[in-house]
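Here is what each chain is made of, one letter per residue.
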Amino acid sequence: MQKRVYIETYGCQMNELDTERMLRILEGSRYVETKNAGEADFILINTCSVREKPEHKVYSALGRYKGLKEKRGAIIGVAGCVAQQEGSRLLDRIPYLDLVIGTHAIPMLPQLLKKIETSGERVCETVYDQDGEYLKAVLPQKPPDKVKSYVTIMQGCDHFCSFCIVPYVRGREKSRPSREIVEEVKQLAGMGLKEVCLLGQNVNGYGRGLEEKISFSELLERINDIEGVERIRFTTSHPKDLSEELIRAFSKLPKLCEHIHLPFQSGSNKVLKAMHRGYTKESYIEKIDRLKKVCPSIAVTADVIVGFPGEEEEDFEGTLDLLQRVRFDDLFSFKYSPRKGTRAAQFEDKVGEKVKQERLSVLQGMQRGITLQKNQECEDRMEEVLVEGRSKQSAQDVTGRTRSNKIVNFEGDMSLVGKLVSVRITKAYAHSLRGELVASQCRLQNVDCGMKFSKSVT
Ligand code: SAM
Ligand code: SF4
């Protein structure tokens with residue numbers, strides 16, 4: 001008999017992809033997805049512990065589903081970073097929880113579920129897998145009804161930034177062999193997907209520890225050669241490992257989109273040192289300047305933390321100065337959140353909550369203005385847009401993204417989905433652009449559609 005699974009996901013793209021993988025694995029073993037927790041036989045909460053806020057949400061979600069356990073006997077599970085970190089302590093703390101499954105144990109999900117179903121036992125599996133089995137592709141059984149997909153190229157992290165829990169909950173850095181990645185991308189392209197986003201905590205460290213000698217830029221070249229793939233993106237890069245070879249890839253590879261997400265975390269060298277980031281504000285700016293020289297139309301986004309222990313007013317001013325100098329297209333900003341087990345959690349000169357909040361508001365206010373200006377710079381331009389689906393705002397509109405990753409809404413029908421079209425930008429908003437369709441075909445580097453590609457090495 002078919003059963004229904006509901007997965008609630010918190011956190012980053014890595015978690016979104018893990019959720020997709022778990023759904024695909026379960027579809028192969030009697031489960032179908034439901035979007036309604038109330039009718040699910042298995043409820044799984046895929047958690048994030050990078051900051052305190054998403055971690056708290058996990059506990060309140062569990063509280064919400066307690067009733068369903070009592071009413072329908074649903075199996076309740078926790079996956080992801082909190083599961084990896086807390087392990088069997090979660091079973092002790094939450095008596096109605098049946099399953100705790102860590103970040104490397106995803107391929108074991110069907111057998112763990114079977115054990116619970118047949119024996120009624122409560123199960124915890126947080127093994128670290130040395131063979132990379134957890135990195136293997138799990139392809140959809142039928143062509144998915146979307147135009148883009150994440151592809152994991154590596155997992156874990158060896159950087160140990162002093163604030164970050166990732167190396168403790170995702171394990172050491174491990175790259176997937178390039179032939180597996182290329183094969184997965186070919187299969188996705190064969191199913192009609194047009195865009196891939198290569199995922200890892202630090203993708204520009206790709207290749208370390210593999211038997212084959214391959215750099216991240218070489219991997220990009222191989223993916224650029226795959227027929228059917230129209231666009232390539234990647235996230236996240238570490239500024240320390242951003243090589244000249246990768247910078248030049250932006251001018252060389254036609255399918256590589258003109259966008260980089262390059263978290264800087266702070267604009268103060270004193271704070272960067274305490275964070276153990278391995279670069280300075282000046283070297284970060286030099287890399288951005290180099291990227292903009294090689295690829296003038298590149299969009300730059302980043303992550304930043306305010307209120308790290310020891311951050312004084314002048315350090316924060318340094319962060320604001322970096323915002324003004326780089327003029328990021330968008331920014332993900334966070335208040336520092338102490339994570340148990342990390343080095344920074346032991347640091348003394350903590351910044352008070354009120355100051356953290358004030359700094360976050362100032363920074364976000366400044367960035368809102370810059371983002372709007374950057375969006376306004378797109379007005380009257382022609383942009384290549386990959387159409388993703390119906391717009392949430394209007395039934396007459398479709399939505400898609402520019403190569404620089406900006407959202408564009410414009411009037412059009414669903415026959416455009418999956419196509420690269422040419423759109424004139426008519427109006428910029430804080431979080432999106434409005435446009436009008438000019439041509440329902442837009443070939444890469446086609447000067448006729450007005451695209452300004454800067455694919456020449458400087
Ligand atoms: N690997 C990426 C890098 O090195 O930039 C970042 C991955 S982390 C999952 C995503 C973002 O969460 C970080 O860039 C950082 O801004 C934020 N973050 C991580 N730990 C944090 C903490 N303890 N408090 C606040 N923000 C944090
Ligand atoms: Fe965390 Fe630093 Fe690794 Fe990024 S590079 S995942 S911030 S330890």
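Residues numbered from 1 in each chain as written. Chains lettered and ligands numbered in written order. Predicted model: local features only at pLDDT ≥ 70, side-chain atom pairs only at ≥ 80, totals over all residues. Heavy atoms only, no water.

Caption draft 1: The overall build of the chain, seen in detail. Helix and strand counts for the chain stand at 13 helices and 19 strands. Reported as C-alpha extents along the three principal axes, the dimensions of the chain are approximately 65 × 55 × 50 Å. In the chain, which comprises 458 residues, the share counted as buried stands at 55%. Across the chain, contacts joining residues at least 24 apart in sequence account for 72% of those joining residues at least 6 apart. Total accessible area computed for the chain in this model is approximately 20400 Å², and 48% of it derives from carbon and sulfur atoms. (Helix = DSSP H or I, 4+ residues; strand = E, 2+ residues; numbered from the N terminus. Buried < 20%, exposed > 50% of the residue type's maximum accessible area, 1.4 Å probe, protein only. Contact = heavy atoms within 4.5 Å. Areas by Shrake-Rupley, 256 points an atom, 1.4 Å probe, with all protein chains shown as cover.)

Caption draft 2: Layout of helix H13 (residues 353-376). With 24 residues, H13 should reach 34 Å at 1.5 Å per residue; the first-to-last C-alpha distance of 34 Å fits that figure. The complete set of buried residues in H13 reads Lys 356, Arg 359, Leu 360, Leu 363, Gln 367, Ile 370, Thr 371, Lys 374 and Asn 375. (Expected span 1.5 Å × (residues − 1).)

Caption draft 3: Layout of helix H5 (residues 109-119). When H5 is considered as a whole, its buried residues turn out to be Leu 109, Leu 112, Leu 113 and Ile 116. Buried residues of H5, viewed axially, fall in a sector of 100 degrees; they line one side. For H5, the exposed residues set more than 90 degrees away from the buried face come down to Gln 111 and Thr 118. If you follow the buried residues of H5, they end up packed against helix H1 (13-27), strand S2 (31-33), strand S3 (42-47), strand S4 (75-79), strand S5 (99-101) and strand S6 (123-125). Just downstream of H5, Gly 120 is the residue with a positive phi angle, here 75 degrees. (Arc of directions from axis to C-beta.)

Caption draft 4: Spotlight on the site of ligand 2. Close to ligand 2 lie Cys 157, His 159, Phe 160, Cys 161, Phe 163, Cys 164, Val 166, Pro 167, Gln 201, His 238 and Arg 277, which account for all nearby residues. When the residues that make up the shell around ligand 2 are grouped by side-chain class, the tally is seven nonpolar, three polar and one charged. (Near = heavy atom within 4 Å. Nonpolar A, V, L, I, M, F, W, Y, C, P; charged D, E, K, R; others polar.)

Caption draft 5: Main features of the sheet that holds strand S10 (residues 195-199). The three strands lie next to each other as S7-S10-S11, forming an open sheet whose pairing is parallel. Bordering the open sheet on either side are strand S7 (148-152) and strand S11 (231-235), each of which pairs with just one other strand. Direction aside, neighbouring strands of the sheet carry axes that sit 25 degrees apart on average. Alignment of S7 against S10, held across five bridges, turns out to be parallel. When the sheet's bridge partners are listed, Tyr 150 is paired in S10 with Cys 197. (Pairing = 2+ DSSP bridges. Axes fitted to C-alpha atoms, helices over the stretch in contact; angles between N-to-C directions.)

Caption draft 6: Examining the environment of Ile 285 more closely. Here Ile 285 shows up in helix H11 (residues 281-294). Taking the C-alpha atoms as reference points, Ile 285 and Arg 381, 96 residues apart in sequence, are found 27 Å from one another.

Caption draft 7: The arrangement of the packing of aromatic side chains in detail. Scanning the entire structure with this criterion turns up 12 aromatic pairs. Ring centres 6.1 Å apart and planes at 65 degrees place the aromatic pair Tyr 31 and Phe 42 in the edge-to-face group. Of the two residues, Tyr 31 sits in strand S2 while Phe 42 sits in strand S3, which places them 11 residues apart along the sequence. Per residue, the accessibility class of Tyr 31 equals that of Phe 42, and both read buried. Aromatic ring contacts, followed pair by pair, group Phe 163, Phe 308, Tyr 336 and Phe 347 into a single cluster. Above the face of the Phe 334 ring, Arg 51 is positioned so that its terminal group lies 3.7 Å from the ring centre. One cation-aromatic arrangement involves Lys 427 over Tyr 429; the distance from NZ or CZ to the ring centre is 6.0 Å. (Phe/Tyr/Trp six-rings, centres within 6.5 Å; stacked < 30°, edge-to-face > 60°. Lys NZ or Arg CZ within 6 Å of the ring centre and 35° of its normal.)

Caption draft 8: Molecular detail of the pattern of salt bridges. Enumeration over the complete set of coordinates arrives at 39 salt bridges. In this structure, Lys 69 engages Asp 98 in a salt bridge whose closest nitrogen and oxygen atoms are separated by 2.8 Å. With Lys 69 in helix H2 (residues 52-72) and Asp 98 in the loop between helix H4 (88-93) and S5, the pair connects residues that are 29 residues apart, well separated along the chain. For Lys 69, a relative accessible area of 21% corresponds to the partly exposed category. (Salt bridge = Lys/Arg side-chain N within 4 Å of Asp/Glu carboxyl O.)

Caption draft 9: Region of the structure containing the confidence of the model for the chain. When pLDDT is averaged across the chain, the result is 92; 97% of the residues are at 70 or more. Low pLDDT (under 50) marks residues 444-458, which in the prediction has 43 contacts with non-local residues, meaning those over four places away or in another chain. (pLDDT = per-residue confidence, 0-100.)

Caption draft 10: Inspection of the site of ligand 1 at higher detail. Around ligand 1, a shell composed of 17 residues is seen, among which Arg 51, Gln 201, Gln 265, Asp 303 and Ser 337 lie nearest. Contacts to ligand 1 include Gln 265, whose side-chain N or O atom sits 2.7 Å from an oxygen atom. Arg 277 has a polar side-chain atom sitting 3.2 Å from an oxygen atom of ligand 1. Protein chains shield 92% of the accessible area of ligand 1, which is 560 Å² for the free molecule. Elements supplying a minimum of two residues to the shell around ligand 1: strand S13 (299-306) and strand S14 (330-335). Partitioned by chemical class, the residues of the shell around ligand 1 number seven nonpolar, five polar and five charged. (Polar contact = N/O pair within 3.5 Å; in protein donor to acceptor, adjacent residues only side chain to side chain.)

Caption draft 11: Layout of the nonpolar core. Leu 198, Phe 216, Phe 234, Phe 264 and Tyr 284 are the most contacted members of the largest nonpolar core, which totals 56 residues. The contact partners of Phe 216, leaving out residues within four places of it in the chain, are Ile 153, Leu 198, Val 203, Asn 204, Tyr 206, Phe 234 and Leu 246. Core analysis: the second largest hydrophobic core is formed by 24 residues, Ile 45, Cys 48, Ala 83 and Leu 91 among them. (Core = buried A, V, L, I, M, F, W, Y, C linked by side-chain atoms within 4.5 Å.)

Caption draft 12: Here's a closer look at the pairing of strand S1 (residues 3-9). Inspection of the sheet shows S1 paired to S2 by three bridges, in the parallel sense. If you follow Lys 3 over to S2, its bridge partner there is Tyr 31. Following the chain from S1 across H1 to the adjacent parallel S2, one finds a crossover that is right-handed. As judged from the five bridges shared by S1 and S3, these two strands associate in the parallel manner. Paired with Tyr 6 across the two strands is Ile 43, which belongs to S3. (Right-handed = clockwise from strand over helix to strand, strands pointing away.)

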